[in-house]
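# Survey of secondary and tertiary structure
Each chain, letter by letter, is given below.
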Amino acid sequence: ARAQWHTSRVSVLIRDAIDDDVRSLRDVYRRASLSNESDREILLQHPQSLEYVVPQAAQSRCRVALADSRALIGFATTTGGSDLLELEDLFVDPAWMRRGVGRSLIDDVIIYARSVGITRVEVDGNPHALSFYRDVGFKVDATVTTEFGFGYRLHLDAGTYELRGDAVRLASDG
């Protein structure tokens, strides 16, 4: 399944990840991880943390965002059960940040959640990502301990999340 989003800044095609995407997924993961100055030093001290591991779980779903050039510019990975999706990864190439790519990936996650009857999306977010998550509608549930400090446990209600215009049209197209 493919979805096309046109934000005010960029046109994004979202599709399922394929085996040929692994190298690009790893590159985006590393660049995005190192883009936050406050995380860079600790991550470089632990290079294994910069290695993207392709999810192997049967219930994992990885969706990639492609620019008009068909370059992979972001991705979202979820795992889930019957009523909850866990957002495992949400990474956007630093050159494409703040242009609607992350929001398009969240829209795609919500469209999928609704299509399979899932009502809630949860994530452990880094402090520097908190404003993004809040801007798209996530609510903070708790502070959590992470490998390198602390983060936030957040949730988003799939039923009340407001899709953008393009996402609404695509969701109704099925």
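Attention here is on the structure that accompanies the text. All figures in this text were calculated on a predicted structure; none of them were measured in a lab.

Here the focus is the overall build of the protein. Of regular secondary structure, the protein possesses 5 helices and 8 strands. The proportion of buried residues among the 174 residues of the protein is 45%. Long-range pairs, those at least 24 residues apart, make up 59% of the contacts in the protein between residues at least 6 apart in sequence. Taken as a whole, the protein presents about 9,400 Å² of accessible surface, with 47% of it coming from carbon and sulfur.

Residues three or four positions apart in an α-helix share a direction because the helix packs 3.6 residues into each turn. Between its terminal C-alpha atoms helix H3 (residues 101-115) stretches 21 Å, which fits the 21 Å expected from 15 residues at 1.5 Å a residue. Among the residues making up H3, those that are buried are Val-101, Gly-102, Ser-104, Leu-105, Ile-106, Asp-107, Asp-108, Val-109, Ile-110 and Ala-113. Of the residues one or two after H3, Gly-117 is the one with positive phi, at around 80°.

Quick look at the packing of helix H1 (residues 22-34) against helix H2 (residues 37-45) now. Put simply, H1 and H2 touch, their axes get as near as 8 Å, and they point 125° apart. One way to sum up the angle between H1 and H2 is to call them oblique. Contact with H1, carried on its side by Arg-30, Ser-33 and Leu-34, involves Asp-39, Arg-40, Leu-43 and Leu-44 of H2 and no other residues of that element. Classifying every residue of the contact of H1 with H2 by side-chain character gives 3 nonpolar, 1 polar and 3 charged.

Regular strands have side chains that alternate between both faces of the sheet. Where strand S5 (residues 84-92) and strand S6 (residues 120-125) come together, 3 bridges link them in parallel fashion. Residue pairing across strands places Leu-84 opposite Arg-120, the latter belonging to S6. As paired elements, S6 and strand S8 (residues 149-157) share 6 bridges and run antiparallel to each other. Along S8, the bridge assignment pairs Gly-125 with Tyr-152.

Procedures and definitions
Residues numbered from 1 in each chain as written. Predicted model: local features only at pLDDT ≥ 70, side-chain atom pairs only at ≥ 80, totals over all residues. Heavy atoms only, no water. Helix = DSSP H or I, 4+ residues; strand = E, 2+ residues; numbered from the N terminus. Buried < 20%, exposed > 50% of the residue type's maximum accessible area, 1.4 Å probe, protein only. Contact = heavy atoms within 4.5 Å. Areas by Shrake-Rupley, 256 points an atom, 1.4 Å probe, with all protein chains shown as cover. Expected span 1.5 Å × (residues − 1). Axes fitted to C-alpha atoms, helices over the stretch in contact; angles between N-to-C directions. Parallel < 35°, antiparallel > 145°, perpendicular 65-115°, else oblique. Nonpolar A, V, L, I, M, F, W, Y, C, P; charged D, E, K, R; others polar. Pairing = 2+ DSSP bridges.

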